[in-house]
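As a plain string of letters, each chain reads:
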Amino acid sequence: MENQRDPSGKTPGQGPLLSLINKIKALVKTIFSSSFKIGLVYFAAGLVPALIIGWLFFPALLYSKQTQPMNFNHALHMDPEIVSEIQGDTETERCLYCHSFRNDGTFTGIPEIGVCSECHKDDDFPLGESEEEELLINEYVTNKREIPWLSYSRQPDCVYFSHIAHIELGKLECTTCHGNRGKNQVLPAYEKNRISGYSRNIWGKKISGLKKDTWDSMKMDDCAACHKEKGHEENNACFTCHK
Amino acid sequence: MEKREGHDNKYGMVIDLDKCTGCGTCMVACAAENNVTVRADESDKERSIAWMQLYKIDNGRPFPDTEVCYFPRPCMHCDEDGRGGHHSPCVSVCVATATELDPHTGIVSQIYARCIGCRYCQAACPYHARYFNWWDGYSSFKPFSKGMERSLSPEVSPRMRGVIEKCTFCHHRLMRAKTKAYAENRRDLREYEYITACTEACPARAITFGDLNNPDHMVSRLIKNKNTFRLLEKLNTQPKVYYISSKEWVRKLADNYLPDQIKPVSGNDI
């Protein structure tokens, strides 16, 4: 295009390339002009609060915090010095004392009150002096009431998950997906997404969605990524995880 | 994608129409098993959802030559034709990848959360096996429905308004059977360990369910019967639901032949 001649014989005033360079020059000029700097200040004045709202206030607004009905101390129950009944060669085996599989392979999940009352059965002779235990016995064990635990890792309704496939076949540790939940002394607050109703553990605590540990989040992508990594891509058909 | 020789398993169903009495137990069992919703007024049957539908056909002759046959119709779980390209009609039209032909089981899935409700698949399905939710199931007719969600099975996710649903060959029962097998330290399922709710419920034992890829399974033996046919076979949709009838007029009607078109069009011509 540049070497195209004007029919009148004169050289054209400005080629498109030249005009582009001039435009860039003009742009650089305006950037350093005072009016543009003011504009930049206004822009930042809009962007920064927007980021603060989006990254700090919105997550706080999005998730409602609920407390569990009572505290449960995993570390205490996993300590063989205090609770000698819970035994096993591996840590997983000891977890399975409470979080067991039924004969048909289904996972019991959070244990029922019957498991607790194997040890915490008598209100006259409690195992310790703590108020929590008193609450457990008086409120739930004697009344044969289930403790209404809030489940942190519960997936949406449409998701099918099988613990036995991951633990017996996949030989995975509980920690891989649940982190240090088996070592907690105090239960964290349960955070529920106000829009979807799902627990925050699915998306993860990090609002950016970036993952450092394997248990940081348990979204569809996280499931699929591990299946791919472990060479079980056959489990990435929709109807494996959905029902 | 490399050409697949077939599925690992290919679950299929054989329905013996000679045994079917049309009692409708399969429909009821299916609806209860799969959380199929009901409306406050179910008298308009055109709008009812029935994953397993029961049709009644007759030979069109006047009395005393009239003959009647009942036709239970689940989803046919149409398959590839083995020559590449041709799928289940619904899968090939779905714009949202909400329905898939599972390469390991041959089951056509339906992911309600993914469905955008365009109803293209419903139009594509030659068997009318797909149903659209015009209303929110169990939550839509409060207070009549109060507490009704407690009757739902947790193994099947309930559907919301605006999505398509269909028979899944009781896929959750496959997962249930697998879970049990894993607990017993095996990976393969025995015959009849995984059967659909309609199969289990049929009082006439007209329905047989099993793996069509396994020559030892009853279904594989039954489909060798000379009276075995499939619905609209000429469309080349390769249904995995087979029917058996000793009556010729039933077999002919199943393929909707025109009066002068007796021979089925072979798959190659399409």
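Because the structure is predicted, anything quoted here is derived from the model rather than measured.

Undergrad: Describe the interface of chain B and chain A, naming the residues involved and giving the relevant values.
TA: Taken residue by residue, the interface counts 22 residues in chain B and 18 residues in chain A. At the boundary of chain B with chain A, the tally comes to zero salt bridges. Across the side of chain B that touches chain A, the residue classes break down as ten nonpolar, seven polar and five charged.

Undergrad: Mind laying out the environment of Met218(B), listing which residues take part and the relevant values?
TA: Residue and element names in this part refer to chain B. Take methionine 218: it is sitting in helix α6 (residues 218-222). Relative accessible area serves as the criterion here: at 30%, methionine 218 is assigned to the partly exposed category. For the pair methionine 218 and asparagine 59, spaced 159 residues apart in the sequence, the C-alpha separation amounts to 30 Å. Other than its neighbours up to four places away in sequence, methionine 218 contacts Glu191, Tyr192 and Thr208.

Undergrad: Pulling in residues and values, what's your account of the packing of aromatic side chains?
TA: Residues and elements named next belong to chain B. Tallying each qualifying case throughout the model produces eleven aromatic pairs over all chains. Their ring planes at 75° and their centres at 6.5 Å tell us that phenylalanine 71 and phenylalanine 229 sit as a pair that is edge-to-face. Of this pair, phenylalanine 71 sits in strand β3 (residues 68-73) while phenylalanine 229 sits in strand β7 (residues 228-229); the two residues are 158 residues apart in sequence, bridging distant segments of the chain. Neither phenylalanine 71 nor phenylalanine 229 differs from the other in exposure class; each is buried. In this arrangement the basic side chain of arginine 159 is found over the ring face of tyrosine 112, its NZ or CZ atom lying 5.3 Å from the centre.

Undergrad: An account of unusual backbone geometry is requested, with residue identities and associated values reported.
TA: Residue and element names in this part refer to chain B. The omega torsion across phenylalanine 63 and proline 64 is 5°, close enough to zero to call that bond cis. As for its placement among the helices and strands, proline 64 is situated in the loop between β2 (53-58) and β3. Backbone geometry at asparagine 185 places phi at a positive 60°, although glycine is not the residue there. Among the secondary structure elements, asparagine 185 is positioned in the loop between α4 (171-183) and α5 (197-201). The class of asparagine 185 is exposed, set by a relative accessible area of 70%. In this structure, arginine 205 is a non-glycine residue whose phi angle is positive, near 55°. Within the secondary structure, arginine 205 sits in the loop between α5 and β6 (207-211). A residue is classified by how much of its surface remains accessible, and arginine 205, at 58% relative accessible area, is exposed.

Undergrad: Let's hear about the domain arrangement of chain A: which residues, and what values?
TA: Each assigned domain of chain A is listed here: domain 1 (16-65) and domain 2 (67-110 + 149-187 + 232-241). Each of domain 1 of chain A and domain 2 of chain A has a C-alpha centre, and the two are 47 Å apart.

Undergrad: Describe the environment of Ala204(B), listing the residues and the values that go with them.
TA: Mapped onto the elements of the fold, Ala204(B) is located in the loop between α5 and β6. Taking the C-alpha atoms as reference, Ala204(B) lies 22 Å from Thr168(B); in sequence the two are 36 residues apart.

Undergrad: Hey, could you go over the pattern of salt bridges for me, with residue numbers and the actual values?
TA: On inspection of all chains with the given rule, the structure shows 20 salt bridges over all chains. Note that Glu191(A) and Arg200(A) form a salt bridge whose closest N and O atoms lie 2.8 Å from each other. Each of the two residues, Glu191(A) as well as Arg200(A), counts as buried. In this structure, Glu233(B) engages Arg230(B) in a salt bridge whose closest nitrogen and oxygen atoms are separated by 3.5 Å. When its relative accessible area of 35% is taken as the criterion, Glu233(B) is described as partly exposed. Residue classification places Arg230(B) among the buried residues on the basis of a relative accessible area of 11%. Look at the salt bridges and you will find they share partners, linking Glu33(B), Glu155(B), Arg173(B), Arg176(B) and Glu200(B) into a network.

Undergrad: Can you explain the side chain of His242(A)? Please cite residues and give values.
TA: Mapped onto the fold, His242(A) is located in the segment after α11 (238-241). Among the polar contacts made by the side chain of His242(A), one reaches the main-chain carbonyl oxygen of Cys158(A) at a distance of 3.1 Å. Residue contacts for His242(A): discarding those within four places in its chain leaves Cys158(A), Val159(A), Tyr160(A), Met220(A), Ile111(B) and His171(B).

Undergrad: Please give an account of the pairing of strand β1 (residues 11-16) of chain B that cites residues and values.
TA: All names here are of chain B. Along β1, six of the six residues are buried, which leaves the element largely enclosed by surrounding structure. Alternating positions in β1 separate into two faces, Tyr11, Met13 and Ile15 on one and Gly12, Val14 and Asp16 on the other, with burial throughout. When β1 meets β6, the two strands line up antiparallel, connected through five bridges. Counted as the bridge partner of methionine 13 is phenylalanine 209 from β6. The pairing of β1 with strand β8 (residues 241-244) spans four bridges and is classified as parallel. The partner of valine 14 across the bridge, within β8, is tyrosine 242.

Undergrad: Explain the nonpolar core to me, and be specific about the residues and the numbers.
TA: Counting residues in hydrophobic clusters, the biggest one holds 60 residues, and the most contacted among them are Phe71(B), Phe169(B), Tyr194(B) and Tyr243(B). In contact with Tyr243(B), not counting residues within four places along its chain, are Ile15(B), Leu17(B), Phe71(B), Pro72(B), Arg73(B), Pro74(B), Met76(B), Asn227(B), Thr228(B), Phe229(B) and Leu231(B). Ranked by size, the runner-up nonpolar core spans seven residues in total, among them Ile113(A), Tyr140(A), Val141(A) and Ile147(A).

Undergrad: A description of the sheet that holds β7(B) should follow, citing residues and the corresponding values.
TA: Residues and elements named next belong to chain B. Strand order across the open sheet formed by four strands is β6-β1-β8-β7, with mixed pairing between neighbours. Each edge of the open sheet carries a strand with a single partner, namely β6 and β7. As paired elements, β7 and β8 share two bridges and run antiparallel to each other. Counted as the bridge partner of phenylalanine 229 is tyrosine 243 from β8.

Conventions used here
- Position numbers for residues start from 1 in each chain and track the written sequence from start to end.
- Lettering of chains starts at A and numbering of ligands starts at 1, both following the order in which they are written.
- Totals for whole chains, interfaces and linings use every residue, but because this is a predicted model, local features are given only for residues with pLDDT of at least 70 and side-chain atom pairs only at 80 or more, for both listing and counting.
- The basis for every side-chain value is the complete set of heavy atoms in the structure, and neither hydrogens nor water enter the calculation.
- Between two residues, a contact is recorded if the distance between any of their heavy atoms is within 4.5 Å.
- Note on definitions: salt bridges are taken to be side-chain nitrogens of Lys or Arg within 4 Å of carboxyl oxygens of Asp or Glu.
- Ten residues, namely Ala, Val, Leu, Ile, Met, Phe, Trp, Tyr, Cys and Pro, are considered nonpolar, four, namely Asp, Glu, Lys and Arg, are considered charged, and the remaining ones, Gly among them, are considered polar.
- Labels follow the DSSP assignment, with helices taken as runs of H or I lasting at least four residues and strands as runs of E lasting at least two, numbered in each case from the N terminus.
- Exposure classes here rest on a 1.4 Å probe applied to the protein chains alone. A residue is buried below 20% of its type maximum, exposed above 50%, and partly exposed in between.
- Ring geometry is summarised as follows: Phe, Tyr and Trp rings, the Trp one being its six-membered ring, pair when their centres sit within 6.5 Å, and such pairs are stacked at plane angles under 30 degrees, edge-to-face over 60 and tilted between the two.
- The rule for a charge over a ring is simple: NZ of Lys or CZ of Arg within 6 Å of the ring centre, and within 35 degrees of the ring normal.
- For the purposes of this description, domain bounds are those given by an automatic or database domain assignment.
- As used in this structure description, the phrase polar contact means that two N or O atoms lie within 3.5 Å; if the pair is within protein, one of them must be able to donate a hydrogen and the other to accept it, and residues adjacent in sequence are counted only when both atoms belong to side chains.
- By the convention used here, strands pair only if DSSP detects at least 2 bridges between them.
- Nonpolar cores were defined as sets of buried Ala, Val, Leu, Ile, Met, Phe, Trp, Tyr and Cys residues, with membership established by side-chain atoms within 4.5 Å.

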